[in-house]
Amino acid sequence: MRLAGPLRVIVILVTVGLTWILAGTMLGSDGGFVRLRQLLNTPDEDPTPMPRSRRFRCGLPMPCPEKHFAFRIVSGAANVIGPKICLDDKILMSSVKNNVGRGLNIALVNGVTGELLETRSFDMWAGDVNELLKFLRPIHEGTLVFVASYDDPATKMNTEARQIFSALGSTAIGDLGFRDSWVLVGAKGIDSKSPFEQRTKNNKNSNKYEGWPEALEMEGCIPQRTPEEQ
């Protein structure tokens, strides 16, 4: 009878220890909570997975209609983060691809097939605007023109360059200025002004970064041209 007290204590300690080990096994890892739910669920119940937001080409929240190209353009952020141009889930220009630079970053795309034709960046602070003009003048009818600014897009801009961008569908090019943020999807031979353009003025009272406005992000669906329009 004298052993009854000690035995009771031992039984309690063993019970507590086993409970602790069981809890640690089941809850000690990320999968422990899953196993616990599985034990508590009835045989007819399946764990409900967490819903995931679906993303489409170039990260768009909705799919584009048939015969449309999905795109996303992000301008550069100040003089630190380079721009990015995506078309139908293909990155055309970005810092990772090492094909962007200060000034204007331009990608030319076949408006019928979506094929990338050429990419170039032009330094609009210390570069030669004639290099930009040589690039823009021979663009063929029906070519899509993607433009993303980085740092300064306009210091070297002249009248002819502004006229060319205006003919490509830009409405903001007329007063695009020093360190403005600007993105555009235009086209050679466009009948009206492009619906895909954004511009934020450099204003020291509203700039997000010291000396620069916030970066711009634009996405959408571009109608695919027919061969007859090319």
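In what follows, the accompanying structure is described. (Residues numbered from 1 in each chain as written. Predicted model: local features only at pLDDT ≥ 70, side-chain atom pairs only at ≥ 80, totals over all residues. Heavy atoms only, no water.)

## Focus on the nonpolar core
Counting residues in each nonpolar core, the largest one holds 24 residues, and the members touching the most others are Leu-104, Ile-106, Leu-132, Phe-165 and Trp-182. Those elements giving two or more residues to this core turn out to be strand S4 (103-110), helix H3 (129-136), strand S6 (143-150), helix H4 (159-167) and strand S7 (181-187). By residue number, the principal contributor to this core is H3, which donates five residues. When neighbours within four sequence positions are excluded, Leu-132 is seen to be in contact with Leu-104, Ile-106, Phe-122, Met-124, Ala-161 and Phe-165. (Core = buried A, V, L, I, M, F, W, Y, C linked by side-chain atoms within 4.5 Å. Buried < 20%, exposed > 50% of the residue type's maximum accessible area, 1.4 Å probe, protein only. Helix = DSSP H or I, 4+ residues; strand = E, 2+ residues; numbered from the N terminus. Contact = heavy atoms within 4.5 Å.)

## Some words on the pairing of S6
Burial analysis of S6 places eight of its eight residues in the buried class, which makes it a mostly covered element. In the sheet, S6 pairs with S7 via five bridges, with the strands oriented antiparallel. The partner of Leu-144 across the bridge, within S7, is Ala-187. (Pairing = 2+ DSSP bridges.)

## Considering the sheet that holds strand S1 (residues 68-74)
As summarised here, the arrangement of the four strands in space is S3-S2-S1-S9, forming an open sheet in which the pairing is antiparallel. Each end of this open sheet is capped by a strand with a single partner; those strands are strand S3 (90-93) and strand S9 (217-223). When strand polarity is set aside, the average angle formed by the axes of neighbouring strands in this sheet is 20°. Of the strand pairs in this sheet, S1 and strand S2 (residues 84-87) are connected by four bridges, and their pairing is antiparallel. Its bridge partner being in S2, Val-74 is matched across the sheet by Lys-84. (Axes fitted to C-alpha atoms, helices over the stretch in contact; angles between N-to-C directions.)

## Side note on empty space enclosed by the protein
Under the definition given, this model contains one cavity of 30 Å³ or more. Estimated volume of the largest cavity: approximately 50 Å³. Residue lining of the largest cavity: Gly-76, Ala-78, Ser-149, Tyr-150, Asp-151, Arg-179, Asp-180, Ser-181, Trp-212 and Pro-213, and that is the complete set. Of the residues contributing to the lining of the largest cavity, the split by class is four nonpolar, three polar and three charged. (1 Å grid on protein atoms, 1.4 Å probe; cavity = no way out; pocket = protein on both sides within 12 Å on 5 of 7 lines; lining within 4 Å. Points joined across faces, edges and corners; volume = space filled by probe spheres on them. Nonpolar A, V, L, I, M, F, W, Y, C, P; charged D, E, K, R; others polar.)

## Describing the environment of Gly-177
Here Gly-177 lies in the loop between H4 and S7. In this view, Gly-177 contacts Asp-152, Pro-153, Ala-154 and Lys-201; residues no more than four positions away in its chain are not counted.

## Observations regarding the packing of aromatic side chains
The description of an aromatic ring pair rests on the distance of the ring centres and on the angle between the ring planes. Taken as a whole and assessed by the stated rule, the structure comprises five aromatic pairs. Aromatic pair Phe-122 and Phe-135: ring centres 5.2 Å apart, planes at 55°, arrangement tilted. Remark: Phe-135 occurs in helix H3 and Phe-122 occurs in strand S5 (residues 116-122); sequence separation between them is 13 residues. Taking relative accessible area as the criterion, Phe-122 reaches 5% and is therefore assigned buried. (Phe/Tyr/Trp six-rings, centres within 6.5 Å; stacked < 30°, edge-to-face > 60°.)

## Considerations on the layout of surface pockets
Empty space left among the atoms is revealed by rolling a probe the size of a water molecule over them. For the largest pocket, the calculated volume is near 330 Å³. What lines the largest pocket is a set of 17 residues, and nearest its centre among them are Leu-144, Ala-187, Ile-190, Pro-223 and Arg-225. At the level of elements, S7 and S9 are the ones that each hand at least two residues to the lining of the largest pocket. At three residues, S7 tops the list of elements feeding residues into the lining of the largest pocket. Its residues placed into classes, the lining of the largest pocket shows eight nonpolar, five polar and four charged.

## Considerations on the pattern of salt bridges
Where charged atoms from two side chains of opposite charge come close, those side chains can pair. As enumerated under the stated definition, the model contains nine salt bridges in all. Across the pair Asp-123 and Arg-102 runs a salt bridge whose closest N-O atoms are separated by 2.9 Å. Taken together, the residues Asp-123 in the loop between S5 and H3 and Arg-102 in the loop between S3 and S4 connect sequence positions 21 residues apart. Looking at Arg-102, the relative accessible area reads 34%, which means it is partly exposed. It is possible to trace a salt-bridge network through shared partners that takes in Arg-72, Glu-217 and Glu-219. (Salt bridge = Lys/Arg side-chain N within 4 Å of Asp/Glu carboxyl O.)

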